[in-house]
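Chain and residue survey
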Amino acid sequence: MKKIILFTLILLIACATPRSNFTTKVDSRISLNVTTYPKIPNLIFNTIKPSIVIIGPILFKPTALFRIDDKKEFGLIPYLNKAGYDVYLVSNSSDKVDLDLQALELQEILQNVVTISKNENIILGGTSVAGQTIFKFLRNDFGQFPTYKIKKLFFIGTGVDYNYPNNFVDNEIDSVNKKSNQICSDNIKNSFCEKYITEGNINENYKYNSNILKEKYVNYKNFKKEVFQFLPKISKNALEDVPDSVFQIPTFVAYGKIDNVSPEESVYPLIQKINPKEFGFFSKVHIFFKETFTKHKEPLHSKVVEMSVANSKSQDYDHADLFMYENKGLFFTDRVESELYKPLKYWLNKE
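**Details of the nonpolar core**
Within the largest apolar cluster, 45 residues are counted, with the highest numbers of intra-cluster contacts made by Ile54 and Phe154. Here this core gets six residues from one element, more than from any other, and that element is helix H12 (residues 336-349). Those residues in contact with Phe154, other than ones at most four positions away along the chain, are Ile52, Ile54, Leu76, Leu80, Ile123, Leu124, Gly125, Gly126, Phe252, Leu344 and Leu348. Judged by nonpolar contacts, the second largest core, of 40 residues, contains Ile150, Leu153, Ile249 and Val304.

Below, the structure is given as structure tokens:
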């Protein structure tokens, strides 16, 4: 009994203390780094779950996915760790970003993850425009995995098809790269950040309600600018030549209602491909009772989440909000963790 109490105390202390030491594996044969973020042990639900491999958002610095605020961990990665998943973050080792090259190296990385984790089941996650890497990889290598199984896919803010009038790629990629590799430079008038990132989602009532709220708004805008770094070359159609069998993998897709980097138009072709099945309230209740009291098990379906007020979120999300949104109210705080990562966790946990 004493040992159980001691272990519980150690676990509570560990969970309350922000982690700082993570293993980053650098392989000279590849241009990508892989950082391991181990799961946080859970005394109640300690089941073996698939490893999650996240393609890091080249558009952002790693602090967008794992940050420490007031001695607490926030972001997609620690949220998944707390849900019992080991997370392996694939990031670029330089500012020379090539999504096609990343795709070629991804198979070796996944094999290394299996070797390290002793777990052949993998969930692939794409964040921001770097999520295109996954489709480039699956286009070349799907069905040729000797040592691992890709169980699920998820994409947050990943545009895949920009073949529509006045699209983001045609308008901004070339001009940004000509001006500066840094997309948030204060020295550039009408910079990428000013046009696409820092023109706020926080409404006028929040913005000017008081000096305190105004200061928080300004700080949030500055924080957005601090975590942005380089803009990669984005494919106008990342789904081209991807086998139809790829779209049979259960897929979770989330996009921001006012995201100008990966707008709904650029995500919709993927939504059409995965053909998510929507259930009404009574259908959900029927499935719940059927799964609970019979041997019937509803197969996992793909899911799409629009981050908008119309979809019961606290605001319409832009691109940065999908990773960093926090709105500290007088009595409660809205965060992307509760509004987006929580439904993602429920979907990932479902077999």
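**Some remarks on unusual backbone geometry**
You will see that Asn166, though not glycine, has its phi angle at about 55°, which is positive. Mapped onto the fold, Asn166 is located in the loop between strand S8 (149-156) and helix H5 (168-179). We note that Asp241 has phi near 65°; this positive angle belongs to a residue other than glycine. Here Asp241 shows up in the loop between helix H8 (211-227) and strand S9 (251-256). For Asp241, a relative accessible area of 62% corresponds to the exposed category.

**Digging into the packing of aromatic side chains**
On inspection of all chains with the given rule, the structure shows 10 aromatic pairs. Ring geometry for Phe22 versus Tyr37: centroids 4.4 Å apart, planes at 40°, classification tilted. With Phe22 in the loop between helix H1 (2-16) and strand S1 (23-26) and Tyr37 in strand S2 (residues 32-37), this pair connects stretches of sequence that are 15 residues apart. Each member of the pair, Phe22 as well as Tyr37, is classed as buried. Centroid distance Phe252 to Trp347: 5.7 Å. Interplanar angle 55°. Geometry classified as tilted. Here Trp347 lies in helix H12 and Phe252 lies in strand S9, a separation of 95 residues in the sequence. When its relative accessible area of 6% is taken as the criterion, Trp347 is described as buried. Through a chain of ring-to-ring contacts, three or more aromatic side chains come together here, namely Phe22, Tyr37 and Phe66. The ring of Trp347 has Lys152 sitting right over it, with the charged end atom 5.5 Å from the ring centre.

Quick notes on the rules
Residues numbered from 1 in each chain as written. Predicted model: local features only at pLDDT ≥ 70, side-chain atom pairs only at ≥ 80, totals over all residues. Heavy atoms only, no water. Core = buried A, V, L, I, M, F, W, Y, C linked by side-chain atoms within 4.5 Å. Buried < 20%, exposed > 50% of the residue type's maximum accessible area, 1.4 Å probe, protein only. Helix = DSSP H or I, 4+ residues; strand = E, 2+ residues; numbered from the N terminus. Contact = heavy atoms within 4.5 Å. Phe/Tyr/Trp six-rings, centres within 6.5 Å; stacked < 30°, edge-to-face > 60°. Lys NZ or Arg CZ within 6 Å of the ring centre and 35° of its normal.

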